[in-house]
Amino acid sequence: MEIVFVFINIIVLLAIIGVLITMQRKHISFSKRVFTGLGLGIVLGSVLQWIYGSGSDVLATTTDWYSIVGRGYISFLMMIVIPLVMVSIIQSIINLDKSAELGKMSAWIIGILITTTMIAALVGIGAASIFDLNAEQIEAGQAEQDRGASLETTLSDVVENQTTPQKILNFIPSNIFLDMTGQRSTSVIAVVIFSVIAGIAVLGLRKKNPEQAQMFTNIVNALYGVVMRIVTLILRLTPFGILALMANTVAATDFAGILELGKFVLASYLALITMFVIHLVLVGVFGLNPVTFLKKVIPVLGFAFTSRSSAGTIPLNISAQKNTLGVDQGIANISASFGATMGQNGCAGIYPAMLAVMIAPTVGIDPLDPLFILQLVVIIGISSFGIAGVGGGATFAALIVLSSLNMPVALAGLLISIEAFIDMGRTALNVNGAMVSGTLTSRILGKLNMKTFNDKTAIDESQSL
């Protein structure tokens, strides 16, 4: 009988996918299809949990089958991330008039990413203080205790055994082919560094041997065209991927855990929303319409929210910045890549700050002490480099920050039941931060195409996949 119910659930998913395909054939906009998939996924997941109950065998088997569509889509995106980052950055650099432009672009992008992360840390501190969050308020079950013990082990094995210079050395690629497989948490930033060096080398070669440089440029341009075509083909699957991901997320969500830790959940989302508003204020300060910006990035944020992967969102991020916001191609490529590995406002900013404030009283520290706040914000800014843009990156960021402050890290384990739910909002904020950095950098350097930014139809025309 269980097989019959699973079969019916699969048929329902396929029927909804059929609806989305029909919408695509009728040329309904990409944004509307994405949010239709998101909404139907929430409804489907809610119905599945209501019928079968959390933890049932039917639900577990159903979500396993749904993962073929949801996680499969993320796998396709992750497949193209490294080739896209490498080829797009090399292509962007070799098309620059001067190598000095690269330094300006990178400096502004990194500066905005790190500055907003430090602001996010202050927002996290404020939220934890307003809600009077304290680590002692959270009760630990067996699963939470096991998770905490696991994090303590991870801390000793990975974080504490590395000095700050050693952590910096991890960014430098010693085997680019290993990093192209994505085996390290710093693989993406290592590929970025290699690509930047390769691009600069071509600029130097152009002066000494123009023919060889031109030949390489032609090859890279051709590869870029092929890679972007692959990206376009994969992005056509976005509504289906979001549908399955959201259905699985809602169906498997521990709502009892969310209610139990409701105070922390509420504080977290208040902090995330506050930081989103700060992003929009920054966009407005630089003479851009925040509402226009928000409308154009919402489809990307929707995917980031459901996938919980900043790295997996890179292709969508680049496409939206370049085609709908009018960001310079090179700046879009670099900001999306950098934003997935450093300066993550949600995972590396708000989350570690909130945990530190919650733990501080238990170890005799006043969380509102100005010196403690200054130390915490600086550590968060520095440690935000090289945080993996995939699920679990926030936990790793928290381990680094808490260990740097000589604080216990087990609290992160106590939040296991709501980790996924909060991580969705954190990832969306991370990606929005990357897009803000690209947009503002392009604006500052006079490379923002205002016609594209203000063109409302650019949302549909560039994403009519």
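Quick summary incoming for the structure in this document. (Residues numbered from 1 in each chain as written. Predicted model: local features only at pLDDT ≥ 70, side-chain atom pairs only at ≥ 80, totals over all residues. Heavy atoms only, no water.)

## As for the side chain of N9
This is how it is decided: Numbering of helices and strands runs from the N terminus, with a helix taken as a DSSP run of H or I at least four residues long and a strand as a DSSP run of E at least two residues long. Working definition: with a 1.4 Å probe on protein chains only, accessible area under 20% of the residue-type maximum means buried, over 50% means exposed, and in between means partly exposed. A 3.5 Å cut-off defines polar contacts: any pair of N or O atoms within that distance qualifies, except that in protein one atom must be a possible hydrogen donor and the other a possible acceptor, and neighbouring residues in sequence count only when both atoms are side-chain atoms. Two residues qualify as a contact provided that any one of their heavy atoms is within 4.5 Å of a heavy atom in the partner residue.
By the element assignment, N9 lies in helix α1 (residues 2-25). Look at N9 and you get buried, because its relative accessible area is 5%. Side chain to side chain, N9 and Y52 meet in a polar contact 3.0 Å long. Discounting residues that sit within four places of it in the chain, N9 has contacts with L48, Y52, V58, T62 and Y66.

## Structural notes on unusual backbone geometry
Residues other than glycine seldom take positive phi values, yet H27 does so here, at roughly 60°. You can see H27 is positioned in the loop between α1 and α2 (30-52). H27 sits in the exposed class, given a relative accessible area of 73%. Despite not being glycine, D132 shows a phi value in the positive range, around 50°. Looking at the element boundaries, D132 is found in the loop between α4 (100-130) and α5 (142-159). Judged by its relative accessible area of 52%, D132 falls in the exposed class.

## Considering the environment of P315
The topology assignment puts P315 in helix α14 (residues 314-323). Taking the C-alpha atoms as reference, P315 lies 8.2 Å from L235; in sequence the two are 80 residues apart. Discounting residues that sit within four places of it in the chain, P315 has contacts with L77, I80, V81, L84, V231 and L235.

## What about the packing of helix α13 (residues 290-307) against helix α20 (residues 419-444)?
Heads up, the rule is: Under this scheme, a helix contributes an axis fitted over its contacting stretch, all axes are lines through C-alpha atoms, and angles between N-to-C directions fall in the 0 to 180 degree range. Here the word oblique covers every angle except those under 35 degrees (roughly parallel), over 145 (roughly antiparallel) and from 65 to 115 (roughly perpendicular). Should the near helix be turned anticlockwise from the far one by less than a right angle, the crossing is left-handed, and should it be turned clockwise, the crossing is right-handed. Any residue that is not Ala, Val, Leu, Ile, Met, Phe, Trp, Tyr, Cys, Pro, Asp, Glu, Lys or Arg is counted as polar, Gly included; the first ten are nonpolar and the last four charged.
Their axes nearest at 9 Å, the elements α13 and α20 cross at an angle of 140°. By the angle between their directions, the pair α13 and α20 is classed as oblique. Judged by the sense of rotation from one axis to the other, the crossing of α13 with α20 is right-handed. The segment α13 lies against α20, with F293, V297, V300, L301, A304 and F305 engaging M424, G425, T427, A428, V431, N432, M435, V436 and T439. Looking at the contact of α13 with α20, its residues break down into eleven nonpolar, four polar and no charged.

That is the geometry; function is a separate question.
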